[in-house]
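Each chain, written out:
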Amino acid sequence: MRAHTSRHLTALLLALAFGVAGCAAGSGGGSSARPAGSTADRIGRAELQEADNLDGLEAIQRLRRQWLQGRGGAMGASPVVLYIDGTKRQSLDDLRIYRTTEIQQIDYMNSNDATTRYGTGHGGGAIIVTLVR
């Protein structure tokens with residue numbers, strides 16, 4: 001009986017150890033590693049302050065490069081649409097005007113959510129910039 005209990009205890013301890021190790025390995029690079037106010041779809045103020053002396057486009061290129069990749073199939077990639085303080089802009093290059101010190105937050109909205117909010121023409125999603133007031 002004692003050997004049987006010992007094997008169960010050993011198996012339980014191993015399962016617990018692997019579970020803890022798996023949780024620790026899975027958390028690297030996740031949202032918990034980002035500064036407060038930031039997620040995979042948001043660059044918050046604290047993270048923007050860490051990217052000091054960059055313009056808005058450079059900050060996105062450094063912090064969330066994947067947002068800039070167009071989406072699409074055989075007909076070609078759809079570009080990401082830019083909104084700054086609620087106003088649609090013609091080009092992502094408009095972000096070069098603003099320094100990270102002037103930006104409160106930058107959000108990415110996937111194509112489905114952007115189409116629901118803003119209408120058609122958002123196959124690549126939308127980048128929404130809120131300036132410091």
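Everything here concerns the structure above.
Owing to the predicted nature of the structure, the values given are computational and were not obtained by experimental measurement.

Our focus in this paragraph is the pairing of strand S2 (residues 81-84). Alternating residues of S2 divide into Val81 and Tyr83 and Leu82 and Ile84, and every residue in both groups is buried. Alignment of S2 against strand S5 (residues 126-131), held across four bridges, turns out to be parallel. Paired with leucine 82 across the strands is isoleucine 127, a residue of S5. In the sheet, S2 pairs with strand S3 (residues 87-88) via two bridges, with the strands oriented antiparallel. Bridged to isoleucine 84 within S3 is threonine 87.

With that settled, consider the environment of threonine 100. Locating threonine 100 in the fold gives a position in the loop between S3 and strand S4 (103-109). Using a relative accessible area of 1% as the deciding quantity, one classes threonine 100 as buried. Look past the residues within four positions of threonine 100 in its chain and what remains in contact with it is Arg45, Leu48, Ala51, Asp52, Asn53, Leu54, Asp55 and Ala59.

The subject of this paragraph is the nonpolar core. Judged by nonpolar contacts, the single largest core of 17 residues is most densely connected at Ile106, Ile127 and Val129. Listed by contribution, the elements that provide at least two residues to this core are helix H3 (56-63), S2, S4 and S5. Excluding its chain neighbours within four sequence positions, the residues that come into contact with isoleucine 106 are Asp41, Arg42, Ile43, Leu48, Gly56, Ile60, Trp67, Ile127, Ile128 and Val129. Counting six residues, the second-largest nonpolar core is a separate cluster that includes Val81, Tyr83, Met109 and Ala114.

Opposite charge on two side chains lets them pair, provided their charged atoms get close. Counted under the stated rule, the structure contains five salt bridges. For the salt bridge of aspartate 85 with arginine 133, the shortest nitrogen-to-oxygen distance reads 3.5 Å. Of this pair, aspartate 85 sits in the loop between S2 and S3 while arginine 133 sits in the segment after S5, placing them 48 residues apart in sequence. Given the relative accessible area of 32%, aspartate 85 is considered partly exposed. The partner of arginine 96 in a salt bridge is aspartate 93, and the shortest N-O contact between them spans 3.6 Å. Take arginine 96: its relative accessible area is 39%, and that puts it in the partly exposed class.

Every buried residue belonging to H3 is among Gly56, Leu57, Ala59 and Ile60, and all of these are buried. Along the axis of H3, the buried positions cluster into a sector of 160 degrees, meaning they face one direction only. Where H3 is buried, its residues meet strand S1 (42-43), helix H2 (45-50), S4 and S5. Where H3 begins, the capping side chain belongs to aspartate 55, and its oxygen is found 3.0 Å from the backbone nitrogen of leucine 57.

Note on placement: proline 79 falls in the loop between H3 and S2. A relative accessible area of 59% means that proline 79 is categorised as exposed. Those residues in contact with proline 79 that lie beyond four places of it in its chain are Gly124 and Gly125.

What follows concerns the packing of aromatic side chains. A full pass over the atoms with the stated rule returns two aromatic pairs. With a centroid separation of 5.7 Å and an interplanar angle of 25 degrees, the aromatic rings of tryptophan 67 and tyrosine 108 are classed as stacked. One end of the pair, tryptophan 67, is in the loop between H3 and S2; the other, tyrosine 108, is in strand S4, with 41 residues separating them in the sequence. Residue tyrosine 108 is classed as buried on the basis of its relative accessible area of 11%.

How each quantity is defined
- Residues numbered from 1 in each chain as written.
- Predicted model: local features only at pLDDT ≥ 70, side-chain atom pairs only at ≥ 80, totals over all residues.
- Heavy atoms only, no water.
- Buried < 20%, exposed > 50% of the residue type's maximum accessible area, 1.4 Å probe, protein only.
- Helix = DSSP H or I, 4+ residues; strand = E, 2+ residues; numbered from the N terminus.
- Pairing = 2+ DSSP bridges.
- Contact = heavy atoms within 4.5 Å.
- Core = buried A, V, L, I, M, F, W, Y, C linked by side-chain atoms within 4.5 Å.
- Salt bridge = Lys/Arg side-chain N within 4 Å of Asp/Glu carboxyl O.
- Arc of directions from axis to C-beta.
- Polar contact = N/O pair within 3.5 Å; in protein donor to acceptor, adjacent residues only side chain to side chain.
- Phe/Tyr/Trp six-rings, centres within 6.5 Å; stacked < 30°, edge-to-face > 60°.

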